[in-house]
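These are the residues of each chain, in order.
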Amino acid sequence: MAFRISSSFGLSRSAASRLGMRMTFPRLSMAARYNSTTTETITVREALNSAIDEEMEADPKVWLLGEEVAQYNGAYKVTKGLLDKYGPDRIVDTPITEMGFAGIAVGAALSGTKPICEFMTFNFAMQAIDQIINSGGKTYYMSGGQVPCPVVFRGPNGAAAGVAAQHSQDYASWYGQIPGLKVVSIFDAEDAKGLLKAAIRDPNPVIVLENELMYGTSFPLTEAMKSKDFVLPIGKAKIAREGKDITIVAHSRPVQFSLDAAEKLAKEGISAEVINLRSIRPLDIDTIIKSVKKTNHLVTVEQGFPVCGMGSEISAQIMESEAFDYLDAPVCRIAGADVPMPYARNLEDLSLPTEETIYKQVKRVLNVQ
Amino acid sequence: MMTLNAMDQVLYEAQRQGRISFYMTSFGEEGIVGSAAAMDPNDPMFGQYRESGALLFRGFNLDQVMNQCFSNDLDKGKGRQMPVHYGSKQHRFHTISSPLATQLPQAAGAAYALKRSSITTTPNSNGKEDGQCVICYFGEGAASEGDFHSALNMAATLECPIIFFCRNNGYAISTPSVEQYKGDGVASRGIGYGIDTIRVDGNDVWAVYAATLKAREIVVTQNKPILIESMSYRVGHHSTSDDSSAYRPKKEVEDWNLHDNPLTRMRKWLTNQGWWNDEVQEITKKQIRADVLKAFGDAEARKKPSIPSMFEDVYDCLPQSLVEQKNEIMELVRKYPDYYRVHDFAKEQQ
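The structure presented is a predicted model; accordingly, all values stated were derived computationally and were not measured.

(A) Representation of the overall build of chain B within the structure. A tally of helices and strands in chain B yields 14 helices and seven strands. On C-alpha atoms alone, chain B measures out to a radius of gyration of 22 Å, which is about the 20 Å that the 2.2 N^0.38 rule sets for 350 residues. Across its three principal directions, the C-alpha atoms of chain B cover 65 × 50 × 45 Å. In chain B, which comprises 350 residues, the proportion classed as buried is 53%. Taking contacts inside chain B between residues at least 6 apart in sequence as the whole, the part at least 24 apart equals 75%. For chain B, the exposed surface amounts to about 16,000 Å²; the carbon and sulfur share of it is 52%.

As structure tokens, this is what we get:
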């Protein structure tokens, strides 16, 4: 890859601006919107770091590799401090070859270790997709169950800010299609810690999709999350907000937009239930079915492209289920625009779903002015 | 080597008769056995696909070969891979991955895992503490893939204990090596990556053995990769999907077969040593062919893997969605046993 814009993400904001990069940050203080009694908070980045740290401490088979993960502490500092603690045999900087180090990870997983392979972004994992899918996802099956492949592929996925077409894609539905892979998509710090720990412990290959713009966001640190055995089940969605009039299903950063939209709708007397999907594969369709049977309306939200997206899959599965008979309106899919991500700020903003998009579509589905 | 040759003849013909779907022979490349002989039996092995000889040397027997090629109920791969795509945990032979060269970075990863030996090492068969070494085979055509370059660079920088063994047989399906690269073969690339490299006469079994033995010694004592380019000639077609008479003269093949064939050379060497003669040759050949045909017949007669086994091993446990699919198809199978020809398949294991 001749041009690696993201290698400068780890720089300070001023350094990045010197390079002519526009860095935008998500709206802060999301934690303040939670009605939590705890005052302790933790960022998504810290939660990911502690998940890796705890699992490496507990299991000597776990190790981590990728570009810039050791000395540089990771392009997004997720692996901060781990080189000092575990040494260069377990925190391994590799040359810049996605297909190479993804292959190393697969081979080492087939040989009894548990590698965590960090992609600087999942956009670059395209160069390694054969290793991930054809070998990582299929070897256990092809070997007749003789050789498992307990590898974790993780890194930021989906739209960042101001990084245009080749750095902004959401790969949830790509990996979600492959039998043999498990796929999770992280929204908050609880997801980060619980799902990453579950992924590392899982004997199957797991894709962990993170979001760059959420790394620095703080969330409440609950007592449960402090436990070294805090794991979330892969394959279970979370009802992030209960409601009775409409179901909004989202994953990753759009969960926050959905929660914000639900808050706004509540002021107008509309009670929206928000489901944080958490797991892309297996897909927890049962939780969605149950919710739709209660609310009779369904909206899906994702930042990925609309065609063959998560919304398409959820719509199809709902139509095939008993929930179809409970729908009072067609399912509405909210997704990214069907164009490669433009760079210009105004065009980029128009390409992604927002709180406002969700708010308006919910009212349209419910047919209220 | 003779077993490999006899087995290839029978299975090649079987494919032509439509009894198996696909096959790849090793004709002309039997010298690969020398490399397997130089490795420790517990050293992990990654093949490309034309390494049946190395696997046979490890003790993968004719029954296991035939069970895989017929994908019957005794196939360890449970009938999920095309013929010749062997894999055997018992013989430390990784399952063949069809996309070319993907095995190279994986082998480097397996070697890196060996380096972290406190958690992964299986003791050597001879009980020695000299560490293990991965061997990874590939063709000169696969060496044009990006995976080849990334694997060599990764193995060199991460100092992985691995032998990259290139079988340069002159052809990548129809593309001759003169069209595959402009430089000095594959060996010259090893130097560029800082990897000690040797080119060897692949049709001389003892040369292959000696080079691999020395390479292994360097790998395990110095913890670094070695590249071997073994020069040979593919006498057979690429696979049963190929007819090489379309792109190379018949005389070229005949000349190689006649003047520089690993089997012939080995036979002459043994004869010169006074350990072999025409009579022994004929008796051995006859016996091997009988063994091959017996294994062939036994495997062909067996049932196919059970129907519900197709849902196993996608994950460590059956997810709910697959449980539902399995139940649905088994219901149909029970209802229409003749349509689904249930008697052709093994019974579900409880």
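Structure shown, so let's carry the discussion forward.
(B) Structural view of the domain arrangement of chain A. All names here are of chain A. Looking at chain A, the domain boundaries give domain 1 (13-226) and domain 2 (238-365). Here the C-alpha centre of domain 2 lies 25 Å away from the C-alpha centre of domain 1. Listed by partner, the interface residues are 39 residues for domain 1 and 30 residues for domain 2. For the pair domain 1 and domain 2, the summed buried area comes to about 2,700 Å², and 51% of that belongs to carbon and sulfur atoms. Inspection of the domain 1/domain 2 interface yields three salt bridges. When the shortest N-O distance is used, the salt bridge between K238 and E190 registers 2.9 Å. The interface formed by domain 1 and domain 2 holds 15 residue pairs in polar contact (both at pLDDT 80 or more) in total. Secondary structure elements with two or more residues in the side of domain 1 that touches domain 2: helix 7 (172-176), strand 6 (182-185) and helix 8 (189-201).

(C) Quick peek at unusual backbone geometry. All names here are of chain A. The omega torsion of the bond from R281 to P282 falls at 0 degrees, within 30 degrees of zero and hence cis. Considering the arrangement of structural elements, one finds P282 in the loop between strand 12 (279-281) and helix 11 (285-295). You will see that N367, though not glycine, has its phi angle at about 60 degrees, which is positive. Its place among the elements puts N367 in the segment after helix 14 (355-366).

(D) Just the interface of chain B and chain A, in detail. Each partner contributes to the interface: chain B provides 37 residues, whereas chain A provides 43 residues. Here chain B packs against chain A, burying approximately 3,300 Å² in sum over the two surfaces, 61% of which is carbon and sulfur. The three residues of chain B that bury the most area against chain A are R116, M154 and Y315 of chain B, which together make up 20% of that side's buried surface. At the junction of chain B and chain A, the tally comes to zero salt bridges. Inspection of the region where chain B meets chain A yields 15 residue pairs in polar contact (both at pLDDT 80 or more). Of all the elements in the fold, those that place two or more residues in the side of chain B that touches chain A are helix 5 (103-115), helix 6 (117-120) and helix 7 (146-157) of chain B. If you tally residues by element for the side of chain B that touches chain A, the top one is helix 5 of chain B, at seven residues. Split into classes, the residues belonging to the side of chain B that touches chain A amount to 13 nonpolar, 15 polar and nine charged.

What counts and what doesn't
- Residues numbered from 1 in each chain as written.
- Chains lettered and ligands numbered in written order.
- Predicted model: local features only at pLDDT ≥ 70, side-chain atom pairs only at ≥ 80, totals over all residues.
- Heavy atoms only, no water.
- Helix = DSSP H or I, 4+ residues; strand = E, 2+ residues; numbered from the N terminus.
- Rg over C-alpha atoms; globule rule 2.2 N^0.38 Å.
- Buried < 20%, exposed > 50% of the residue type's maximum accessible area, 1.4 Å probe, protein only.
- Contact = heavy atoms within 4.5 Å.
- Areas by Shrake-Rupley, 256 points an atom, 1.4 Å probe, with all protein chains shown as cover.
- Domains from an automatic or database assignment.
- Buried area = accessible area lost by both parts, 1.4 Å probe.
- Salt bridge = Lys/Arg side-chain N within 4 Å of Asp/Glu carboxyl O.
- Polar contact = N/O pair within 3.5 Å; in protein donor to acceptor, adjacent residues only side chain to side chain.
- Nonpolar A, V, L, I, M, F, W, Y, C, P; charged D, E, K, R; others polar.

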